[in-house]
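# Observations on chain architecture
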Amino acid sequence: MDPVCVEFKLQTLDEKAQDLLKAALKDPRSVDLEKVSNAIVDQALKDSAFCKEAGRICYTLIKEEAMFSNTTVFRRNLLNRMQQEFLAREETRKSSVSQWVCLVNFICTVFDYLKVKEQPMAPLVNPVYDCLFRLAQPDALTNEEEVDCLAMQLHRIGEQLERVEADRMDELFCALRDGFLLQDGLSSMARLLLLEVLEYRAGGWVLSDRAQSYYYSEVTN
Amino acid sequence: MFSDHQTSRRITAGDARKRGSDGQLRSNGDLHPSTGQKGEHRRGDRRADSFTTPDSVRPVSRHKDWGSEVEAEELRMSKNRDALRSRRRILTAEPGSRERTVSSGSCDSRDSASPAEVETDENILSRRQKQINYGKNTLAYDRYIKEVPKHLRQPGVHPRTPNKHRKYSRRSWDQQIRMWKVKLHNWDPPTEDGDLQAVEQIDLGDFMDIELDPDEETGTHYPCMTSTEDQNDEDSGTSRKMKKTEELQKV
């Protein structure tokens, strides 16, 4: 198999998209970068496993485009497409919770991977928070898929987010505490996920050894 | 959007806060404080179209797309980094290595070494860069940098390009440029007639790139050496130099 395909796990995409991405990764100048960014976002919204790879692909393409032609066309297209999806997130959630979860995952991945001079992209900070706040709403907390997504993002980028904007993190965790304590209809898995995240942050974004063994060890009877 | 879901809400101490999380003053008895949205920013007309936060340089538009915002952020960071680098260069420069090209007659040579003095005015920086370019765009400079690597340069003996990021008065800067270019002549390519090299050193071109634009730094104006020729500065920095040397040779 093509080494590029292997490296970025492109085999989950359809053939047309695969060829497009392969060509882009070889030389960003040879393709329509708007099409490329759309292909990546489309796939990321369908397939949450692809998200991480999508992050790496975007990072690579941005670096290559800067090197080859000193432009930022791909990044601009990617961000603006993401912004469109973000603005339409409520409709997306109504029609497909899985797609909404993928969207959150992708936005957070981009936030994590794509930095500007080693700093997180400032325009993304509040949108990321908005997504997490949405996931902390009562109707989302009753949905295990969404709680799982929320926990995962906080593990991945919680510390970074808090560093750039601590106030909203405080508010978010108020909402999480409220949800954990007061809300009806949460599955025990959902409560477990929330409790773990609460302890994780309380420990300075590190899980103590005891907590680690509580949550993650096999229970022996 | 989500207010329908908030059927029962317990009152917490947080509700007694005067301001909601969106910065708006809360009226008394407001049952849906902004934190009722769990901190979600409310879409509404109450927010200004643009605002300035402590960390932004100019008012930030709310209507920009992410692509443009990130690009603006990147540009701002580059500028800050460049200014920081210049400041660092000035701070770490050893006092002993300061060239004699630093204006001797000017009484603000001390000011130019003080750490906080970094030139950021775009007009001044571009004018200075142009003057530097005239000097670097010469055969003498090419031969000089090939002959003497940076680590072998001795202050006083070897010319050093004036640092455009330092604060200097207009006169001080122009004098430094002049001295620098005069020194560079030591590396002029040898001519066939060796006797005239001494004469070539007094090259009027070194004095000709003083421009007539208004001086914001000190308010002084130079008496102009020539009136019309200065306007042609843009494109004939080097060629005039060569022309002058030719004229001198004819003598």
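Residues numbered from 1 in each chain as written. Chains lettered and ligands numbered in written order. Predicted model: local features only at pLDDT ≥ 70, side-chain atom pairs only at ≥ 80, totals over all residues. Heavy atoms only, no water.

Under an unreviewed UniProt entry, the name given to chain B is Histone RNA hairpin-binding protein RNA-binding domain-containing protein, and the organism recorded is Coilia grayii. Check the Sequence similarities (unreviewed entry) section of the UniProt entry for chain B; it says "Belongs to the SLBP family." (UniProt positions renumbered as here; feature names shortened; annotations may be inferred.)

Going by an unreviewed UniProt entry, chain A carries the name MIF4G domain-containing protein and comes from Coilia grayii. Among the UniProt annotations of chain A, the heading Function (unreviewed entry) holds the following wording: "Functions in replication-dependent translation of histone mRNAs which differ from other eukaryotic mRNAs in that they do not end with a poly-A tail but a stem-loop. May participate in circularizing those mRNAs specifically enhancing their translation." In its Sequence similarities (unreviewed entry) section, the UniProt entry covering chain A states "Belongs to the MIF4GD family."

For the rest of this paragraph, the subject is the overall build of chain B. Along chain B, the regular secondary structure elements total eight helices and two strands. Listing every helix and strand of chain B by position from the N terminus yields β-β-α-α-α-α-α-α-α-α. Across chain B, every contact between residues at least 6 apart in sequence was considered, and the portion connecting residues at least 24 apart equals 62%. In the form shown here, chain B has an accessible surface area of approximately 16000 Å², with 51% of it arising from carbon and sulfur atoms. (Helix = DSSP H or I, 4+ residues; strand = E, 2+ residues; numbered from the N terminus. Contact = heavy atoms within 4.5 Å. Areas by Shrake-Rupley, 256 points an atom, 1.4 Å probe, with all protein chains shown as cover.)

This part covers the pattern of salt bridges. Residues and elements named next belong to chain A. Per the stated rule, a full pass over the model turns up 20 salt bridges over all chains. Close ionic contact of D170 with R201 constitutes a salt bridge, the shortest N to O distance being 2.7 Å. On the criterion of sequence distance, the pair formed by D170 in helix 11 (residues 166–182) and R201 in helix 12 (residues 188–202) is long-range, its members being 31 residues apart. The exposure class assigned to D170 is partly exposed, which follows from its relative accessible area of 38%. Residue R201 is classed as buried on the basis of its relative accessible area of 14%. A single salt-bridge network, built from bridges that share partners, covers E90, R93, R134, D139 and E146. (Salt bridge = Lys/Arg side-chain N within 4 Å of Asp/Glu carboxyl O. Buried < 20%, exposed > 50% of the residue type's maximum accessible area, 1.4 Å probe, protein only.)

This brings us to the packing of helix 3 (residues 33–46) of chain A against helix 7 (residues 97–113) of chain A. Residue and element names in this part refer to chain A. The N-to-C vectors of helix 3 and helix 7 enclose an angle of 125 degrees; their axes lie 7 Å apart at closest approach. Here helix 3 lies oblique to helix 7, going by the angle between them. Touching I40, V41, A44, L45 and K46 of helix 3 are Q99, C102, L103 and F106, all from helix 7. Residue composition of the contact of helix 3 with helix 7, by class: seven nonpolar, one polar and one charged. (Axes fitted to C-alpha atoms, helices over the stretch in contact; angles between N-to-C directions. Parallel < 35°, antiparallel > 145°, perpendicular 65-115°, else oblique. Nonpolar A, V, L, I, M, F, W, Y, C, P; charged D, E, K, R; others polar.)

What characterises a pair of aromatic rings is the spacing of the ring centres plus the angle enclosed by the ring planes. Counted according to the given criterion, the structure contains nine aromatic pairs over all chains. When the ring of Y129(A) is compared with that of F133(A), the centres are 6.4 Å apart and the planes differ by 45 degrees; the resulting orientation is tilted. Of this pair, Y129(A) and F133(A) both sit in helix 8 (residues 122–135), four residues apart, which is roughly one turn of that helix. Residue classification places Y129(A) among the buried residues on the basis of a relative accessible area of 0%. In this structure F133(A) comes out as buried when scored by relative accessible area, which is 0%. Between Y141(B) and W180(B) the ring centres are 6.3 Å apart and the planes differ by 70 degrees, which places this aromatic pair in the edge-to-face class. (Phe/Tyr/Trp six-rings, centres within 6.5 Å; stacked < 30°, edge-to-face > 60°.)

This part takes up the nonpolar core. Counting 76 residues, the largest nonpolar core has I40(A), F106(A) and L154(A) as its most contacted members. In terms of residues, this core owes the most to one element, helix 7 of chain A, which gives nine residues. Both domain 1 (1–87) and domain 2 (113–221) of chain A contribute no fewer than three residues apiece to this core. Here I40(A) is in contact with L21(A), F50(A), A54(A), I57(A), C58(A), L61(A), F74(A) and F106(A), once residues within four sequence places are set aside. With 11 residues, the next largest nonpolar core counts I132(B), W180(B), L184(B) and W187(B) among its residues. (Core = buried A, V, L, I, M, F, W, Y, C linked by side-chain atoms within 4.5 Å. Domains from an automatic or database assignment.)

Next up on the list: unusual backbone geometry. When glycine is set aside, most residues are seen to have a negative phi, and most peptide bonds are trans. All names here are of chain A. One non-glycine residue, E118, adopts positive backbone phi at about 65 degrees. Take E118: it is sitting in the loop between strand 1 (115–116) and strand 2 (119–120). At W205, a position not held by glycine, the phi torsion is positive, near 65 degrees. Along the polypeptide, W205 turns up in the loop between helix 12 and helix 13 (209–216). What makes W205 buried here is its relative accessible area of 7%.

Glancing now at helix 2 (residues 15–26) of chain A. All names here are of chain A. Under the 1.5 Å per step criterion, the end-to-end length of helix 2 is 17 Å for 12 residues, consistent within 8% with the ideal 16 Å. All buried positions along helix 2 are accounted for by A17, Q18, L21, K22, A24 and L25. End-on view of helix 2: buried residues confined to an arc of 165 degrees, all on one side of the axis. Exposed and oriented more than 90 degrees from the buried face of helix 2 are E15, K16 and K26. Where helix 2 is buried, its residues meet helix 1 (3–8), helix 3 and helix 4 (50–69). By the N-cap criterion, in which a side-chain oxygen at the helix start approaches the backbone nitrogen of a residue two or three places on, helix 2 is capped by D14, the distance to K16 being 3.1 Å. (Expected span 1.5 Å × (residues − 1). Arc of directions from axis to C-beta. Polar contact = N/O pair within 3.5 Å; in protein donor to acceptor, adjacent residues only side chain to side chain.)

Before going further, it helps to examine a nonpolar patch on the surface. Together, M189(A), L192(A) and Y214(A) make up an exposed nonpolar region whose accessible area comes to about 310 Å². The residue M189(A) is located in helix 12 in this model. (Patch = residues over 30% accessible without salt bridge, like charges linked within 9 Å, V, L, I, M, F, W, Y side chains within 5 Å.)

Moving on to helix 5 (residues 170–184) of chain B. Residue and element names in this part refer to chain B. Over its 15 residues, helix 5 runs 21 Å from end to end, which matches the ideal 21 Å to within 8%, given 1.5 Å per residue. Buried residues dominate helix 5, accounting for 11 of its 15 residues. Buried within helix 5 are the following residues: R170, S172, W173, D174, Q176, I177, R178, W180, K181, K183 and L184.

On to the environment of D32(A), then. Residue and element names in this part refer to chain A. Its location among the elements puts D32 in the loop between helix 2 and helix 3. Accessibility expressed as a relative area gives 37% for D32, which makes it partly exposed. At 3.0 Å, the side chain of D32 and the backbone nitrogen of E34 are in polar contact.

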